[in-house]
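# Overview (structure and organization)
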Amino acid sequence: MADHGNDRDYTGLENRLGAVRIERDVMLAPMTTFRIGGPADRLLRARTAEQVVAAVSACRELDIPFFVLGRGANILVGDRGFRGLIIRCEIGGIAFADDVRVVAGSGVDTYHDLIDATVARGLGGLHHYVGIPSTVGGALWQNLHFLSPPPERARTCFIAEVLESAVVLTEEGELSTVDPAYFRFGYDYSILHDRRDIVLEATFRLEPMPAEDLRYTIRENLRWRDDRHPDLWLYPCAGSIFKKIEGIGAGRLIDECGLKGHVLGNAQIFHRHANIIVNLGGATAAEVRSLMDLAQRTVATKLGYVLEPEILMVGEF
Ligand SMILES: Cc1cc2nc3c(=O)[nH]c(=O)nc-3n(C[C@H](O)[C@H](O)[C@H](O)COP(=O)(O)OP(=O)(O)OC[C@H]3O[C@@H](n4cnc5c(N)ncnc54)[C@H](O)[C@@H]3O)c2cc1C
């Protein structure tokens, strides 16, 4: 069966996945924190590792493009959407293996579910990332990070520090249990940027901590975010747009160029934090891209720095 505007045939995929429900022409905007993005030809909400494995192997055999979507908090989806299958990773499950180890499905929401569950057991390590929208899979892709607790805020904490192992579907189609070294974690980096492996499950080794210390860090980190970051209900966004420039800060450079608060269509360089672009309501991906181009051009011309996007562009623009 040919599809709207393109000639890709999804019959084989639908037959292969049989009982699993595949949705057609689904708008991606509501599945991203930017609330921007056109339709996906096909969408699978994968609730189990087996569904992910079956979908990926069918796509590979049938030569159908696919993209694994988490919480959609670090991407900009194009206005024309995605030709292929979006596999929304909704693999759930949180289980405590012993007093300090927790095993989580890669679709588990770190902010609301995993942090809640571990803090409730008096375990610290993931609590630094409170207030950051993410799934477990997305967190490993980007090596989720935030500043260490106040008052010092002396260093950056990374989720890599508490990862013990993960089960991945490798790009060669093997199921493999890998250790943290496999991911070659760096700042905003893991091997998942360069290999099409998919995380199915992760085990974290945490540290028992007094409830008072956990509560203090959570409270302070939420306060920090409240002061600087947009409230996603009011200002949908994807967090930092450009990569950190060591010791300088992409936001400061954009601000120095007088672009803080600059509006283009329905998108704005956030008035409180110049490294964030917000959707004022009905913004398009094209508008966000134009604002990004403007910031990159202006900072390069006026200050001589190259701004590299941190967010991933997905689909057709
Ligand atoms: C308001 C706001 C504040 C933020 N603050 C921070 C911050 O302080 N620190 C920080 O590090 N980030 C921050 N971010 C960015 C974002 O929250 C993280 O990058 C997050 O980890 C993205 O996870 P996700 O599930 O939304 O991934 P998505 O955006 O859905 O996907 C991102 C990438 O991960 C891949 N992916 C998703 N699931 C899997 C999987 N199971 N296996 C393999 N690959 C997968 C996708 O294919 C894609 O390439 C912020 C974002 C927002 C909106």
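What this report covers is the structure whose coordinates are included nearby. (Residues numbered from 1 in each chain as written. Predicted model: local features only at pLDDT ≥ 70, side-chain atom pairs only at ≥ 80, totals over all residues. Heavy atoms only, no water.)

Here Glu90 lies in the loop between strand S5 (82-89) and strand S6 (94-96). Polar side-chain contacts of Glu90 include one of 3.0 Å to the side chain of Arg47. Side-chain polar atoms of Glu90 contact the side chain of Arg88, separated by 2.8 Å. Sequence-distant contacts of Glu90, defined by excluding residues within four places in its chain, comprise Arg45, Ala46, Arg47 and Gly107. (Helix = DSSP H or I, 4+ residues; strand = E, 2+ residues; numbered from the N terminus. Polar contact = N/O pair within 3.5 Å; in protein donor to acceptor, adjacent residues only side chain to side chain. Contact = heavy atoms within 4.5 Å.)

Before going further, it helps to spend a moment on the pairing of S5. When you tally the buried positions in S5, you get 8 out of 8 residues, the bulk of the element. Examined bridge by bridge, strand S2 (residues 39-46) and S5 share 6 bridges and lie parallel to one another. Note on S5: the bridge partner recorded for Leu43 is Ile86. (Buried < 20%, exposed > 50% of the residue type's maximum accessible area, 1.4 Å probe, protein only. Pairing = 2+ DSSP bridges.)

All chains considered together, the criterion is met by 23 salt bridges. A salt bridge links Arg45 to Glu23; its shortest N-O distance comes to 2.8 Å. With Arg45 in strand S2 and Glu23 in strand S1 (residues 23-27), this pair connects stretches of sequence that are 22 residues apart. Residue Arg195 is joined to Glu171 by a salt bridge in which the shortest nitrogen-to-oxygen separation is 3.5 Å. Of this pair, Arg195 sits in the loop between strand S12 (175-178) and strand S13 (198-205) while Glu171 sits in the loop between strand S11 (163-169) and S12, and the two are 24 residues apart along the sequence. Residue classification places Glu171 among the partly exposed residues on the basis of a relative accessible area of 32%. Residues joined by salt bridges that share partners form a network here, namely Arg21, Glu23, Arg45, Arg47, Arg88 and Glu90. (Salt bridge = Lys/Arg side-chain N within 4 Å of Asp/Glu carboxyl O.)

Taken together, 33 residues lie near the ligand, and Val68, Gly70, Pro133, Thr135 and Arg225 sit nearest. Between Pro133 and the ligand, the recorded distance is 2.6 Å, taken from a backbone N or O atom to an oxygen atom. Breaking the shell around the ligand down by element, the ones donating at least two residues are strand S3 (66-69), helix H4 (136-142), strand S9 (145-147), S13 and strand S15 (237-240). Per element, the largest residue contribution to the shell around the ligand is 5 residues, and it comes from H4. Considered class by class, the residues forming the shell around the ligand number 17 nonpolar, 13 polar and 3 charged. (Near = heavy atom within 4 Å. Nonpolar A, V, L, I, M, F, W, Y, C, P; charged D, E, K, R; others polar.)

The next subject is the nonpolar core. In this structure, Leu114, Leu126, Tyr129, Leu140, Ile159, Phe183 and Phe204 are the most contacted members of the largest nonpolar core, which totals 33 residues. Contributions of two or more residues to this core are made by strand S7 (101-105), helix H3 (110-120), H4, S11, S13 and helix H5 (211-228). Those residues in contact with Tyr129, other than ones at most four positions away along the chain, are Ile115, Leu144, His145, Phe146, Cys157, Phe158 and Ile159. (Core = buried A, V, L, I, M, F, W, Y, C linked by side-chain atoms within 4.5 Å.)

Position of Thr135 among the secondary structure elements: in the loop between strand S8 (123-124) and H4. Its relative accessible area of 6% is what places Thr135 among the buried residues. Reaching out from Thr135, the side chain makes a polar contact with the backbone nitrogen of Gly138 at a distance of 3.1 Å. Excluding residues that lie within four positions of it along the chain, Thr135 makes contacts with Gly70, Arg71, Ser106, Gly107, Val108, Asp109 and Thr110.

Within H3, burial applies to Thr110, Leu114, Ile115 and Thr118. Relative to the axis of H3, the buried residues are bounded by an arc of 90° and lie together on one face. Exposed and facing more than 90 degrees away from the buried side of H3 are Asp116 and Ala120. Check the buried side of H3 and you find it contacts S6, S7, S8, H4 and S13. With a side-chain oxygen positioned 3.0 Å from the backbone nitrogen of Tyr111, the residue opening H3 is Asp109. Within two residues after H3, Gly122 carries a phi angle of roughly 75°, on the positive side. (Arc of directions from axis to C-beta.)

Treat this as a map of the structure, not an account of what it does.
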